[in-house]
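Inside the fold
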Amino acid sequence: MKIGILTLPFNNNYGGYLQAYALMTVLKGMGHDVELIYRKHNYRPLFLRIKYFIKTLVKCLLGQKHELLIMDQEKELRYKGKDLMPFVDKYIAPKTRPLFSTEQLRKECKGKYDAIVVGSDQVWRPDYVSNIENFFLDFIDNPQILKLSYAASFGTNSPIYSDKEKRICGDLIKKFNAVSVRERSGVDVVCNLGWFNGRAEVVLDPTMLLDLKNYEQFIIPSKEDYVVAYILDMDEDKECGVRNIARELALPMKNLSLSGKQLPSMETWLSCLYNSKFIVTDSFHGAVFSILFNRNFIVYANQERGVDRFFSLLKTFNIENRMILDKNGIWELLHKKIDWEIVNERLEMNKMHSMSFLRKVLGE
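So, here's what we can say about the structure. (Residues numbered from 1 in each chain as written. Predicted model: local features only at pLDDT ≥ 70, side-chain atom pairs only at ≥ 80, totals over all residues. Heavy atoms only, no water.)

1. Some points on the state of the cysteines
Taken as a whole and judged by the stated rule, the model has 0 disulfides. Take Cys109: it sits in no disulfide, and the sulfur closest to it among the cysteines is that of Cys169, at 17 Å. Since its relative accessible area comes to 1%, Cys109 is described here as buried. Lacking any disulfide linkage, Cys169 is separated from the closest cysteine sulfur, that of Cys191, by 17 Å. On the basis of relative accessible area, Cys169 is assigned to the buried category, the value being 0%. (Disulfide = S-S within 2.5 Å. Buried < 20%, exposed > 50% of the residue type's maximum accessible area, 1.4 Å probe, protein only.)

Printed below as a string of structure tokens:
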């Protein structure tokens, strides 16, 4: 079966890349011919491109460091994430050409696929994507094409859709052959909106479907002991908490910051988490890989990016107590160990359920 995967527009996001890699790997392992539908954000408005050009030209004339003179989203992405691109190009492949509009999607996908999978990640969160209707497959007219979502996320238990978007997306999702979501609250959202005629399943993020060996092939060995801070939205409270953790554990701190001009490679990012003794993060996939690598960790609830995602993930493994709201929650958890035997048993159980969903929908 020829399957297209539609996920969030790539934006140098480690978790975004890894969930796409994982879902493609799983479906290929099931014997399918898989391709990523490379949806990008819509082209930036003309006035922003002019503003960018003038600002960059001034830097160029002053002899200052500057980005590309002519705005090119694809080149801009690759410029900052150039050390990530070898992973993307080799392991998230094949993929279509970059697609920047509904019309480009429609032309690219016409008559090409037997099935299209939407997911994973926050593909159903309107403020994270351009043309939310695309992620309910408005560009597919052929009723013979199998349509399903895998671990699609709203990111929150109260996603903001306009009345028009609710109506359009509701009509589109009713044409899906199967719907699965990543969070338990996603089931409630779908039901409360009256969107789906069947039952929405809760499944694991695709990164959790792969065996550990799939990630260990990328690991760079290290004998150093350290704590990792993978914080997407640093603030004073988190900064203080991170310092307290490192001081209490008497270990050096490695900061996986995304604020630099060049991002670490995928191998460096995975190795840093894998080789650590303790992880503190406000990232969903930071928490996911803490679990996969069986590393003691603390999750800062990320209010801006959606707390429900974290609670649902941790509750699946009965470790929701690993989430804190501020630095005051650190001390109780710092020396409290996680029962990894129970966590890993729950992982295997949920993995079987998630794989069963895919096999059933795809007719295996």
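Now that the structure is up, let's keep going.
2. Focus: the sheet that holds strand 1 (residues 2–6)
Taken in spatial order, the 4 strands make up an open sheet running 2-1-3-4, and their pairing is parallel. Each end of this open sheet is capped by a strand with a single partner; those strands are strand 2 (33–37) and strand 4 (146–149). Adjacent strand axes in the sheet meet at a mean angle of 20° when their direction is disregarded. The pairing of strand 1 with strand 2 spans 5 bridges and is classified as parallel. Bridge assignment links Lys2 to a residue of strand 2, and that residue is Asp33. Docked against the sheet, helix 1 (residues 14–29) engages strand 1, strand 2 and strand 3 (115–118), running at close to 160° with respect to strand 2. (Pairing = 2+ DSSP bridges. Helix = DSSP H or I, 4+ residues; strand = E, 2+ residues; numbered from the N terminus. Axes fitted to C-alpha atoms, helices over the stretch in contact; angles between N-to-C directions. Contact = heavy atoms within 4.5 Å.)

3. Regarding the pairing of strand 10 (residues 297–300)
Burial of the side chains of strand 10 extends over both faces: Phe297 and Val299 are buried on one face and Ile298 and Tyr300 on the other. With 3 bridges connecting them, strand 9 (residues 278–281) and strand 10 associate as parallel partners. Across the sheet, residue Ile279 finds its bridge partner in strand 10, namely Phe297. Relative to strand 11 (residues 323–324), strand 10 is paired through 2 bridges, and the arrangement is parallel. Counterpart to Val299 in the pairing with strand 11 is Met323. Note that the unit made of strand 10, helix 12 (residues 307–316) and strand 11 has a crossover that is right-handed. (Right-handed = clockwise from strand over helix to strand, strands pointing away.)

4. Some words on helix 1
With 16 residues, helix 1 should reach 22 Å at 1.5 Å per residue; the first-to-last C-alpha distance of 22 Å fits that figure. Within helix 1, 13 of the 16 residues are buried, which leaves the element mostly enclosed by the surrounding structure. Taken from the residues just after helix 1, Gly31 is the one with a positive phi, measuring 95°. (Expected span 1.5 Å × (residues − 1).)

5. Some details on the pattern of salt bridges
Considering all chains together, one arrives at 19 salt bridges under this definition. Asp127 serves as the salt-bridge partner of Arg125, at 3.4 Å between the closest nitrogen and oxygen. One salt bridge connects Glu320 with Lys315, and the closest N-O pair in it is separated by 3.9 Å. Classification of Glu320 as partly exposed rests on a relative accessible area of 24%. Residue classification places Lys315 among the partly exposed residues on the basis of a relative accessible area of 37%. Salt bridges linked by common partners bring Glu35, Arg97, Glu108 and Lys112 together as one network. (Salt bridge = Lys/Arg side-chain N within 4 Å of Asp/Glu carboxyl O.)

6. Describing the nonpolar core
Residues Leu27, Ile92, Tyr150, Trp269, Phe289, Ile291 and Phe297 are the most contacted members of the largest nonpolar core, which totals 73 residues. Examining the composition of this core, we find that 10 residues originate from one element, helix 1, more than from any other. The residues contacting Ile291, other than those within four sequence positions of it, are Met208, Phe297, Leu313, Leu314, Phe317, Ile319, Trp340 and Val343. By size, the runner-up hydrophobic cluster in this structure holds 34 residues, among which are Ile116, Phe139, Cys169 and Val187. (Core = buried A, V, L, I, M, F, W, Y, C linked by side-chain atoms within 4.5 Å.)

7. Remarks on the packing of helix 1 against helix 10 (residues 266–274)
Between helix 1 and helix 10, the least distance of the axes is 11 Å, while the angle of their chain directions is 95°. In this view, helix 1 runs roughly perpendicular relative to helix 10, as classed from their interaxial angle. Only Met266, Trp269 and Leu270 of helix 10 make contact with helix 1, whose side of the interface consists of Tyr14, Tyr17 and Leu18. For the contact of helix 1 with helix 10, the residue count by class is 6 nonpolar, no polar and no charged. (Parallel < 35°, antiparallel > 145°, perpendicular 65-115°, else oblique. Nonpolar A, V, L, I, M, F, W, Y, C, P; charged D, E, K, R; others polar.)

8. Description of the packing of aromatic side chains
A full pass over the atoms with the stated rule returns 23 aromatic pairs. On the basis of an interplanar angle of 90° and a centroid distance of 4.8 Å, the ring pair of Phe10 and Tyr17 is categorised as edge-to-face. For the pair Phe10 and Tyr17, one class covers both residues: buried. Between Tyr14 and Trp269, the ring centres sit 5.0 Å apart and the planes meet at 5°, which makes this aromatic pair stacked. Of this pair, Tyr14 sits in helix 1 while Trp269 is found in helix 10, placing the two residues 255 residues apart along the sequence. Each of the two residues, Tyr14 as well as Trp269, counts as buried. Of the aromatic side chains, those joined through ring pairs into one cluster are Tyr14, Tyr215, Tyr230, Trp269, Tyr274, Phe289 and Phe293. (Phe/Tyr/Trp six-rings, centres within 6.5 Å; stacked < 30°, edge-to-face > 60°.)

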